[in-house]
Amino acid sequence: MTASPFIAGLPMYDWPEVADALDDLWTHIADAGRAMGLAMPSRLVRRADLVSLWSDPTMLLGQVCSLNPVRDGLGETEVVGTLVYDAPADLPQPEPGSYYSVIVCRRDDPRRPSGNCDLGSGVATADVERFAGARVAANGTDSQSGYWSLGHFVRDLVADGPIFGDVLFTGAHRDSVNAVADGTADLAAIDVHSWRLAREYERDATEQLAVIGTTAPTPGVVCVVSWELKNHRPALDAALHEAVAGFVGTPAAERLHLSGYRSRRLEEFQIVADQVESAGHHPWHRVPSGV
């Protein structure tokens, strides 16, 4: 097989525990792409610096946060579509290809609302208001699900100033889960699909946590192609449809909680940009002086 001049990565839920299942998915995608005449890479790249993947002009297929196409990555990538992941059965199911974040705290936190809030539905913003001054864990300011979705959630509570204390930037949802569990932070917004993986592979941490709210759904993390290779978008979209259809129902798909694929267009992500703009109108957490 001739080596491909391109690279590919699907990093958003590439936890070590499911890496082999993700590799299996890639085999299906690569085979479908080759059948359509694409020079598909034989394996996924796994880079610690995700920006270096997303900005690489040889990226034939990547996966980015839903914020990326409408902000930092605007003009660098072309939207292809979203893989459809199923939420846990005890939480709301968003429409296929969309996601939301669960807002979590420690179960023994005295500010936690009384009653069983673990279903994550119908929880008032006022319940999160109990955490005024709390330290928040977030993966980064480039994250819709871990940072901006929480700011949008509390947007009506910040007229008189920030509701939360400072933010601990962890770099990953998994690390945010652990930060709340060990008391380094008090609250975090966790992408629901990362939350499902955490419940399976960070059980000691998640058993200490409770869901006290869910943020508004938006289109989920999205598969993209580099701007330089955007002419391959139609073939990639078709390959993803075919590959995922053949992959769903396999043990590997069940481990990834993958149930489908949905084509997307850039304009569908405008809701994410709108939520970020809304959240950015007023500071919603304390910013250390000098930052």
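Refer to the preceding data block for the structure.
Fair warning: this is a prediction, and the values are worked out from it, not measured in the lab.

Chemist: Mind showing me how you'd approach helix H5 (residues 173–181) here?
Modeler: Spacing of three or four residues puts side chains on the same side of an α-helix, whose turn is 3.6 residues. Among the nine residues in H5, seven count as buried, and that is most of the element. Within H5, burial applies to His-173, Arg-174, Ser-176, Val-177, Ala-179, Val-180 and Ala-181. Of the residues trailing H5, Gly-183 is marked for its positive phi of about 85 degrees.

Chemist: Help me out: how do you make sense of the nonpolar core in this one?
Modeler: Burial of nonpolar side chains together is a common tendency in soluble globular proteins. The biggest cluster of nonpolar side chains holds 92 residues, and the ones touching the most others in it are Leu-10, Leu-25, Trp-26, Ile-29, Val-102, Phe-164 and Trp-195. Of the residues forming this core, the biggest block, seven residues, is contributed by helix H1 (residues 19–35). The contact partners of Leu-25, leaving out residues within four places of it in the chain, are Leu-10, Leu-83, Val-244, Phe-247, Leu-256 and Leu-258.

Chemist: Explain the packing of H1 against helix H8 (residues 233–247) to me, please; I cannot follow it from the model alone.
Modeler: The description of two helices packed together rests on the angle between their axes and the distance between the axes. As a packed pair, H1 and H8 sit with axes 8 Å apart at the nearest point and diverge in direction by 130 degrees. Compared by their axis directions, H1 and H8 come out oblique. As for the relative orientation of H1 and H8, their crossing is right-handed in sense. Across from Ala-21, Asp-24, Leu-25, His-28, Ile-29, Ala-32 and Gly-33 in H1, the residues of H8 making contact are Ala-239, Leu-240, Glu-242, Ala-243, Val-244, Gly-246 and Phe-247. Broken down by class, the residue content of the contact of H1 with H8 amounts to nine nonpolar, three polar and two charged.

Chemist: Please clarify how the sheet that holds strand E1 (residues 7–8) should be interpreted in this entry.
Modeler: Note on sheets: strands pair through backbone hydrogen bonds, and any given pair is parallel or antiparallel. Read across the sheet, five strands follow the order E1-E2-E11-E3-E12 without closing on themselves; strand pairing throughout is mixed. The open sheet terminates on both sides in strands that have one partner only, identified here as E1 and strand E12 (258–263). Across five bridges, the pairing between strand E3 (residues 77–85) and E12 is antiparallel. When the sheet's bridge partners are listed, Tyr-85 is paired in E12 with Leu-258. Helix-sheet contacts for H8 involve strand E2 (59–64), E3, strand E11 (222–226) and E12, and the interaxial angle to E12 is about 160 degrees.

Rules used throughout
All residue numbers refer to positions counted from 1 along the written sequence of the respective chain. With the structure being a predicted model, the display of local features is reserved for residues of pLDDT at least 70 and the display and counting of side-chain atom pairs for 80 or more, all residues being used for whole-chain, interface and lining totals. Side-chain calculation: all heavy atoms of the structure are included, whereas hydrogens and water are not. Burial classes: relative accessible area under 20% of the type maximum marks a residue as buried, over 50% as exposed, and values in between as partly exposed (1.4 Å probe, protein chains only). Secondary structure is summarised from DSSP: a helix means a run of H or I of at least four residues, a strand means a run of E of at least two, and numbering begins at the N terminus for each. Throughout, nonpolar core names a set of buried Ala, Val, Leu, Ile, Met, Phe, Trp, Tyr and Cys residues whose side chains join them through atoms within 4.5 Å. A contact between two residues is defined here by any heavy atoms of the two lying within 4.5 Å. Angular values range over 0 to 180 degrees, each being the angle between N-to-C directions of two axes fitted as lines to C-alpha atoms, with helices fitted over their stretch in contact. Should an angle lie under 35 degrees it is considered roughly parallel, over 145 roughly antiparallel, and from 65 to 115 roughly perpendicular; all remaining angles are considered oblique. By definition, any crossing whose near helix is turned counterclockwise from its far helix by less than a right angle is left-handed, and any crossing with a clockwise turn is right-handed. The classification used treats Ala, Val, Leu, Ile, Met, Phe, Trp, Tyr, Cys and Pro as nonpolar, Asp, Glu, Lys and Arg as charged, and all other residues, Gly among them, as polar. We treat two strands as partners when DSSP finds at least two bridges between them.

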